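Read off the chains here:
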Amino acid sequence: MERHSVGTGNRFEVRYGYCRAVRAGASIFISGTAPVLPPGEPVVAGAHAQMLRCGAIALDALIELGGQPGDVVRTRMYVVDAADADDVGRAHAELFGGNPPASTMVVVAALLDPEWRVELEVDAVISGEAGS
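Bear in mind the structure is a predicted one, so any value in this text is a computation, not a measurement.

S.K.: Mind showing me how you'd approach the pairing of strand β2 (residues 21-24) here?
M.R.: As a general feature of sheets, a regular strand has side chains that alternate between the two faces. Pairing of strand β1 (residues 3-6) with β2 involves 4 bridges; the strand directions are antiparallel. Residue pairing across strands places V6 opposite A21, the latter belonging to β2. Relative to strand β3 (residues 27-33), β2 runs antiparallel, the two sharing 4 bridges. Of the residues in β3, the one forming a bridge with V22 is F29. Connecting the antiparallel pair β2 and β3 is a turn made up of 2 residues, with G25 showing a positive phi of about 65°.

Okay, structure coming up:
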């Protein structure tokens, strides 16, 4: 099985030894994606906007590996405050509502950066590929 990966150049990828996303056959696995911006730009404010940023980064990686948003079969959302659930869920629906995936939202004690309100993981299976 062929394996392809993409990175974003995020400082954590090199430091912690991972990449943004891996494609193995028809499956794509996207790492926990935080609402990071290019160096020097502040973190976007609010859980809804942060979730949209996480989704944009994840979907860019998905597309780079040959997938499309409709190929997403599972997402995991990690939020630091249960009060953000509706804002994060609304953004999730905007990103994936056209073809809703299986999904989990978990409240966690913290994320790596105290300004982050949400982190997103995405799994996809490429439509029409062998084994999908």
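S.K.: It is not clear to me how the pairing of strand β5 (residues 102-107) should be interpreted in this structure. Could you clarify?
M.R.: Sheet analysis places strand β4 (residues 72-79) next to β5, joined by 6 bridges and oriented parallel. By the bridge assignment, R74 is partnered in β5 with A102. Once the chain exits β4 it traverses helix α3 (residues 85-96) before rejoining the sheet at β5, and the crossover so formed is right-handed.

Cut-offs used in this document
Residues numbered from 1 in each chain as written. Predicted model: local features only at pLDDT ≥ 70, side-chain atom pairs only at ≥ 80, totals over all residues. Heavy atoms only, no water. Pairing = 2+ DSSP bridges. Helix = DSSP H or I, 4+ residues; strand = E, 2+ residues; numbered from the N terminus. Right-handed = clockwise from strand over helix to strand, strands pointing away.

Functional significance is not addressed by these values, which are geometric in nature.
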